[in-house]
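# Results of the structural survey
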Amino acid sequence: MHRFAPMNHPRHPTSPAAPSRQATPRRLRRAAAVLAALAFALAPAAAGAGIESDWSATGSGAVRLLAGARSGDQLDGGVEIRLAPGWKTYWRYPGDSGVPPQFDWSGSENLAGVDILWPAPHRFDDGDGAYSIGYKHDVILPFHATPKDPTRPVSLRLKLDFAVCEKICQPAHAEAALDIPATGAAPSPPELLAALAAVPQHGELGGAGPTALESARLVEVDGAAAVRIEARVADPAKADLFVEGPDEAWALPLPQARPAADGRVVFLMPLEGMPKGADLTATGLRFTLVDGDRAIELTAPVSAP
């Protein structure tokens, strides 16, 4: 399980008469590692269409805003998070450990709202039976920005609080600003289009297609209540499933996969982390099924036994 590093308090300044500390090889190596991480994070990305903000550097990465085309009355864009090699950050539901990103757009102008879209995430084994959910490499979180007045430009001002993790997790803060013309910034840059393509498609319980959630019902396993979810996938060995409740009062465990016959996989999720008195048969759970390069998302209640 990841541990979060404590916040360092500023040291008292050294008096003029005090001797300076020598730079030991260990300190030099640590300084070099930090500089290398910052250089990687701030390295120029491949040129593309659209417009972007300046990078906002964090301890082990950087953040910027991207703008793309206009779709109806909405403007496409993205929050790009660059990570140093070996580091990760978290999905909207971080799993057993971690911190989800927190977006503050309150300083923006002519902005009615922002709808964040989430590319399909990955599961990470944090040890001791704990798992987290997120992204191990650079990621762009696409969004749809809705202007108050579609005939005027939108001034985006983002304050982002999130976490980055290697062996120890660290809180990170970034701020980015971007002015988007009322007409958008068409064509959208290729990296933003790729991020949009990685967002799970809408699915239906029992739907058709090579990637589908066929059923979700209450069962009893070894004397304990659980949810049994059966899915049809292209690669059962690599398929994964994430389940969320309707609000932050829910903290559901990650389902565990059991390969089944005929290109199917069964996921079992213990009934834990629910508010007292919750009725799964009357509550819509949010399922995200990841099947290699495909992913679907749907909301549905669980069937009674």
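Right, let's walk through the structure included here. Residue numbering note: each chain is counted from 1, following its sequence as written. Selection of residues for local features in this predicted model requires a pLDDT of at least 70, selection of side-chain atom pairs for listing and counting requires 80 or more, and totals for whole chains, interfaces and linings are taken over all residues. Only hydrogens and water are removed before side-chain values are computed, so all heavy atoms of the structure are retained for them.

Moving on: the pairing of strand 13 (residues 168–180). Pairing between two strands requires that DSSP report at least two bridges joining them. The secondary structure listing takes helices from DSSP runs of H or I that are at least 4 residues long and strands from runs of E that are at least 2 residues long, numbered from the N terminus. Judged from the twelve bridges that link them, strand 12 (residues 154–165) and strand 13 form a sheet pairing that is antiparallel. The residue of strand 13 that forms the bridge with Ser155 is Asp179.

Before going further, it helps to examine the nonpolar core. Grouped burial of nonpolar side chains is what soluble globular proteins tend to show. The nonpolar core is taken to be a set of buried Ala, Val, Leu, Ile, Met, Phe, Trp, Tyr and Cys residues, with the residues joined through side-chain atoms within 4.5 Å. Each residue is placed in one exposure class: buried if its accessible area under a 1.4 Å probe, protein chains only, is under 20% of its type's maximum, exposed if it is over 50%, and partly exposed if it falls in between. Formed by 61 residues in total, the largest nonpolar core has its most connected members in Leu65, Val79, Ile81, Trp105 and Phe287. Residue contributions to this core peak at six residues, all from strand 12. Throughout, a residue-residue contact means that at least one pair of heavy atoms, one from each residue, lies within 4.5 Å. Residues in contact with Trp105, not counting those within four places in the same chain, are Leu65, Val79, Leu111, Val114, Ile116, Phe143, Leu156, Arg157 and Leu158.

Attention now moves to the sheet that holds strand 14 (residues 201–202). Across the sheet, which stays open at both edges, the four strands sit in the order 14-21-20-17 with mixed pairing between neighbours. The sheet is open, and its two borders are formed by strand 14 and strand 17 (240–244), each paired with just one other strand. Note that strand 17 and strand 20 (residues 285–291) share five bridges and pair antiparallel. Pairing of Phe242 across the sheet is with Thr288, part of strand 20.

With that out of the way, let us pick up the sheet that holds strand 15 (residues 212–221). Ordered by their spatial adjacency, four strands build an open sheet running 15-16-19-18, and the pairing between neighbours is antiparallel. Taken across any chain shown, the strands that pair with only one partner, and hence form the sheet edges, are strand 15 and strand 18 (256–259). The average angle at which neighbouring strand axes cross in this sheet is 25°, direction not considered. Judged from the four bridges that link them, strand 18 and strand 19 (residues 264–270) form a sheet pairing that is antiparallel. Note on strand 19: the bridge partner recorded for Gln256 is Leu268. A fitted line through C-alpha atoms serves as each axis, taken over the contacting stretch for helices, and the angle formed by two N-to-C directions is quoted from 0 to 180°.

Before going further, it helps to spend a moment on the packing of aromatic side chains. Ring geometry is summarised as follows: Phe, Tyr and Trp rings, the Trp one being its six-membered ring, pair when their centres sit within 6.5 Å, and such pairs are stacked at plane angles under 30 degrees, edge-to-face over 60 and tilted between the two. Scanning the entire structure with this criterion turns up three aromatic pairs. On the numbers, 5.7 Å between centres and 55° between planes, the contact of Trp91 with Phe242 is tilted. Highlighted residues: Trp91 in strand 6 (residues 88–95) and Phe242 in strand 17, separated in sequence by 151 residues. Neither Trp91 nor Phe242 differs from the other in exposure class; each is buried.

Here strand 21 (residues 294–300) lies mainly inside the structure; five of its seven residues are buried. Across two bridges, the pairing between strand 14 and strand 21 is parallel. Residue pairing in the sheet places His202 in a bridge with Glu297 of strand 21. Both strand 20 and strand 21 contribute to a ladder of seven bridges, which runs antiparallel. Note that in strand 21 the partner of Phe287 across the bridge is Leu298. Hairpin connection of strand 20 to strand 21: two residues between the antiparallel strands, including Gly292 at a positive phi of 65°.

Take the layout of surface pockets next. Any residue with an atom within 4 Å of a point lines the site, the site being either a cavity, points on a 1 Å grid over the protein atoms alone where a 1.4 Å probe fits but cannot get out, or a pocket, an open set with protein on both sides within 12 Å along at least 5 of 7 lines. Grid points are joined across faces, edges and corners, and a volume is the space filled by probe spheres set on the points. In this structure, the largest pocket occupies an estimated 630 Å³ of space. Arg92, Tyr93, Trp118, Glu244 and Arg286 are, among the 23 residues lining the largest pocket, the residues nearest its centre. Elements with a contribution of two residues or more to the lining of the largest pocket: strand 6, strand 7 (102–104) and strand 8 (111–116). Among the elements that line the lining of the largest pocket, the one with the most residues is strand 6, at three residues.

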